[in-house]
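# Observations on the model geometry
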Amino acid sequence: MKTRFVRTTYITFATALTLLGACGDSGAGDVGADKLEPIAEGTSRDSVLLVMGEGPLTAQYSDTMRLEHGFRRENYVIDGKSYEVLYYRELQGNVAEQVQQAKETPVVLQNGKVLGWGWKYYLEAMESLKLPNPTGNIPGGNGAPPAIIPTDSSNSAKADSAAPADSSKKSGA
């Protein structure tokens, strides 16, 4: 009888630990968090693309410059530093659609190396790196910032001051 109680307690405890581990802080609420989990700070861009695989986004005409292996790509130059954000996505769509937290997860790179990924990291990057709010206040669009991003005026001012690098220039290629 005592052995059965110990065994049941052990199984309950092991199950609880497994569930708590699954609720970790490594982008648990982000789209594709389980797939992106191997991506750590310093991971190379090529390795990120291997982990992400082929994405479901399509584009027309010049919008193809904003795609990388079927995923949205945004380039920013802020305070003389160049950043690239790749957005992991699982649902079909077009790159012309606005970024939505419920559909995409950002991976932030600098000099071909990962700085961090997930919306929690992106919130920090908006503050520390001055990255813009990717969900922007576009008329007729999603309009709201990601749910985890506070809507105070200091963040919106920073978001408005940075523009995507590829929106102001066309490639010479």
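Treat the numbers as computed from the prediction; the structure is a model and nothing was measured. (Residues numbered from 1 in each chain as written. Predicted model: local features only at pLDDT ≥ 70, side-chain atom pairs only at ≥ 80, totals over all residues. Heavy atoms only, no water.)

### Some words on the sheet that holds strand β2 (residues 67-68)
Strand order in the open sheet made by the five strands is β2-β3-β4-β6-β7, with antiparallel pairing throughout. Each of the sheet's edge strands pairs with one partner strand only, and the pair in question is β2 and β7 (113-117). The pairing of strand β6 (residues 104-110) with β7 spans four bridges and is antiparallel. Within β7, the position partnered with Val108 by the bridge is Gly116. Along the sheet, helix α3 (residues 45-52) contacts β2, β3 (71-78), β4 (81-89), β6 and β7; its crossing angle with β4, the most-contacted strand, is approximately 10°. Sheet contacts for helix α4 (residues 119-128): β3, β4, β6 and β7; angle to β6, the most-contacted strand, approximately 50°. (Pairing = 2+ DSSP bridges. Helix = DSSP H or I, 4+ residues; strand = E, 2+ residues; numbered from the N terminus. Contact = heavy atoms within 4.5 Å. Axes fitted to C-alpha atoms, helices over the stretch in contact; angles between N-to-C directions.)

### Some words on the environment of Arg89
Along the chain, Arg89 turns up in strand β4. Judged by relative accessible area, which is 2%, Arg89 ranks as buried. Considered as a pair, Arg89 and Asp30 are 59 residues apart in the sequence and their alpha carbons are 10.0 Å apart. Of note is the side chain of Arg89, whose polar atom sits 3.3 Å from the backbone oxygen of Gln92. (Buried < 20%, exposed > 50% of the residue type's maximum accessible area, 1.4 Å probe, protein only. Polar contact = N/O pair within 3.5 Å; in protein donor to acceptor, adjacent residues only side chain to side chain.)

### Some points on α4
The set of residues buried in α4 consists of Trp119, Tyr121, Tyr122, Ala125 and Met126. Axial view of α4: buried residues confined to an arc of 145°, hence all on one face. (Arc of directions from axis to C-beta.)

### Considerations on the packing of aromatic side chains
What characterises a pair of aromatic rings is the spacing of the ring centres plus the angle enclosed by the ring planes. A complete count under the given rule lists three aromatic pairs for this structure. Residues Tyr87 and Trp119 carry aromatic rings whose centres are separated by 6.4 Å and whose planes lie at 40° to one another, so their mutual orientation is tilted. Here Tyr87, found in strand β4, pairs with Trp119, found in helix α4; they are 32 residues apart in sequence, far enough to count as distant. Here the two residues Tyr87 and Trp119 agree in accessibility, since each one is buried. One aromatic cluster is present, formed by Tyr87, Trp119 and Tyr122 through successive ring pairs. (Phe/Tyr/Trp six-rings, centres within 6.5 Å; stacked < 30°, edge-to-face > 60°.)

### Details of the pairing of β4
Regular strands place side chains that alternate from one sheet face to the opposite one. Within β4, seven of the nine residues are buried, leaving the element largely enclosed by the surrounding structure. With seven bridges connecting them, β3 and β4 associate as antiparallel partners. Within the sheet, the bridge partner assigned to Arg73 lies in β4 and is Leu86. Following β3, the chain reverses through two residues before pairing antiparallel with β4; Asp79 in that reversal takes a positive phi of roughly 50°. Looking at chain direction, β4 and β6 are connected through six bridges and run antiparallel. Paired with Tyr87 across the strands is Pro106, a residue of β6.

### Things to note about the confidence of the model for the chain
Put simply, the chain has an average pLDDT of 75, and 62% of its residues get 70 or more. A low-confidence stretch, residues 5-25 (pLDDT under 50), is modelled with two contacts involving residues beyond four sequence positions or located in other chains. Between residues 149-173, whose pLDDT stays under 50, and residues either more than four places distant or in other chains, the model counts 27 contacts. (pLDDT = per-residue confidence, 0-100.)

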